[in-house]
Amino acid sequence: MSRQDLSPGTIFRMPLVLALLSLTGLVGALLADGVWDWIGTALLATIIVTIAWARLGRRR
Amino acid sequence: MKTRTLRAWSWVHKWSSLVSTGFLLMLCLTGLPLVFSDELNHALLDEVWTPADPDGAGLNLDQVLAVALSRHPGDVPAFMSFDEDRPVVNVTSRAPDAPAGQFNFQPIDQTSGEPAPLVAGHPVIEFLLQLHTDMFLGLPGMLFLGLMGLLLIVAVVSGVVLYAPFMRRLPFGTLRLDKAARTRWLDWHNLLGIVTVAWVLVVGTTGVVNTLATPILAYWKDTALAELTAAHDAPAAPGEWASLDAAVDRARAALPGRTLQFVAFPGTEFSTDHHYAVFLHGDTPLTTHLTTPALIDVRSGQLAAVAPSPWYVKALSLSQPLHFGDYGGLGLKIVWALLDLATIVILGSGLYLWLTRRRRAS
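Given the structure is predicted, the values throughout are model-derived calculations rather than measurements.

Trainee: How should the overall build of chain B be read in this particular structure?
Mentor: The helix and strand inventory of chain B stands at twelve helices and seven strands. For chain B, the spread of C-alpha atoms along the principal axes amounts to about 75 × 50 × 40 Å. For chain B, the residues scored as buried account for 34% of the 362 residues in total. Sequence-distant contacts in chain B: of pairs separated by 6 or more residues, those separated by 24 or more amount to 65%.

Have a look at this one:
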């Protein structure tokens, strides 16, 4: 690994956070109704928000 | 990661993806409208309807069944289900010599016995569902699609492994939109693939479990329900069947506080040859998806057993909402559809990356 290489922790930090948020959303909306449907939807929608952020931010 | 290891993972990712991509694209495309099947059925089929005699005593379930079978003489009943928001009983029957999967479906106004309009099962939606479920090939088609689902899981896992070396010098979320088309699509493929990984694994795994519905139910019948059927030799003829209405009442009494979902008649995959299987579900968000069958001896009409579902039947029951995303309202469905579209882009970009690489190599 050269000096510029990112560590696996850095590479996978955000994907791991997104995976945890989306799984919480998927299960939360299944286990409870009402407000949890909205919370679950919002948590799963963090994926869409991230894609939009990457696209609009045009990160290089 | 050593070059050799990287090549091995790359090989796994390439072939697990290539073999399954065409079928996964079909599943994503047919799955997209199926996410909104309730809304589409509502829009395509909805018509103003009121029951003929809303204040009348109504027909009991035996009478409803008799009316349904009189419209299809010679049919044997398979299932009976109940609308939640109108007094309609849905009777599914089939001719004894009909090909597998060919049924007659009749919604019946329980207040009068007259036919009620369909609110589900529009032919276009049914076509898409059948294509999505088994490609009109029955069990072999289902199992084949299950295999494609397993390949998807392998492709996702190998894709995650390959993500690290590709991204070792790029910050998360990088999209090099000013670079060549191949680089742009590689970045889109990596970004969409890694952010949707948990959702794709859930939908893929639950899809695989759903393809195993027939063997799972057959195993359940052969093991957990085997004792109940051992005492009988031959199936009871429909003329020997006890009252269905009384059977449902007994099932309700055995499982108080639960809601009637459907009845499976003897000889169907959800019952034995000797029982009405009366399925009731709970009333919490989770237990709404979990049904418990009360088995009523079809000859005597007595309760034979309440058969709590084993873990593998519960897994099958929970796999259905987690696969179709129809449990959290319209907002969740919209997000589900967007993630489905993202998966289509992942599949398409993967195919593009493979084709351009081949072209370059040649």
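What follows picks up the thread again.
Trainee: Could you clarify how one ought to interpret the domain arrangement of chain B in this entry?
Mentor: Many authors give the size of an interface as the accessible area that is lost as the parts come together. Segmentation of chain B into domains returns domain 1 (3–40 + 129–211 + 325–361), domain 2 (58–118) and domain 3 (239–308). For domain 1 of chain B versus domain 2 of chain B, the distance between C-alpha centres works out to 40 Å.

Trainee: Explain the nonpolar core to me, please; I cannot follow it from the model alone.
Mentor: General note: in soluble globular proteins, nonpolar side chains tend to be found buried as a group. Ranked by size, the top nonpolar core spans 41 residues in total, and within it Leu 44 and Ile 47 of chain A together with Leu 191, Leu 192, Val 195 and Trp 199 of chain B carry the most contacts. Broken down by secondary-structure element, the contributors of at least two residues to this core are helix H1 (8–31) and helix H2 (35–57) of chain A together with helix H1 (3–35), helix H5 (138–166), helix H6 (181–195), helix H7 (197–211), helix H11 (311–324) and helix H12 (329–361) of chain B. Top contributing element to this core by residue count: H12 of chain B, with seven residues. Apart from the residues lying within four places of it in its own chain, the contact partners of Ile 47 of chain A are Leu 18 and Ser 22 of chain A together with Val 195, Thr 196, Trp 199 and Leu 339 of chain B. Membership of the second largest hydrophobic core comes to 32 residues, among which are Leu 61, Ala 78, Leu 244 and Val 278 of chain B.

Trainee: Mind showing me how you'd approach the pairing of strand S7 (residues 303–306) of chain B here?
Mentor: Every regular strand shows the same layout, with side chains that alternate between the two sheet faces. All names here are of chain B. The pairing of strand S6 (residues 291–297) with S7 spans three bridges and is antiparallel. Along S7, the bridge assignment pairs Leu 295 with Ala 305. Hairpin geometry of S6 and S7 is characterised by an intervening segment of five residues between the two adjacent antiparallel strands and by a positive phi of about 80° at Gly 301.

Trainee: Help me understand the sheet that holds strand S1 (residues 76–82) of chain B, please; the structure alone is not making it clear to me.
Mentor: Two strands in a sheet stick together by hydrogen bonds in their backbones, pointing the same way (parallel) or opposite ways (antiparallel). Residue and element names in this part refer to chain B. Strand order in the open sheet formed by seven strands is S3-S2-S1-S4-S5-S6-S7, and the pairing between neighbours is antiparallel. Looking at which strands have only one partner, the edges of the open sheet turn out to be strand S3 (104–109) and S7. Here the average twist between neighbouring strands, direction ignored, is 20°. Where strand S5 (residues 275–281) lies against S6, seven bridges are found, and the strand directions are antiparallel. Pairing of Leu 280 across the sheet is with Thr 292, part of S6. Set on the sheet, helix H3 (residues 61–71) makes contact with S1, strand S2 (88–94) and S3; between it and S2 the angle comes to about 50°. Sheet strands touched by helix H10 (residues 244–254): strand S4 (259–264), S5, S6 and S7. Its angle to S5, the strand with the most contacts, is close to 45°.

What counts and how
Residues numbered from 1 in each chain as written. Chains lettered and ligands numbered in written order. Predicted model: local features only at pLDDT ≥ 70, side-chain atom pairs only at ≥ 80, totals over all residues. Helix = DSSP H or I, 4+ residues; strand = E, 2+ residues; numbered from the N terminus. Buried ≥ 20, exposed ≤ 12 C-beta atoms within 10 Å, placed from the backbone. Contact = placed C-beta atoms within 7 Å. Domains from an automatic or database assignment. Core = buried A, V, L, I, M, F, W, Y, C linked by C-beta atoms within 7 Å. Pairing = 2+ DSSP bridges. Axes fitted to C-alpha atoms, helices over the stretch in contact; angles between N-to-C directions.

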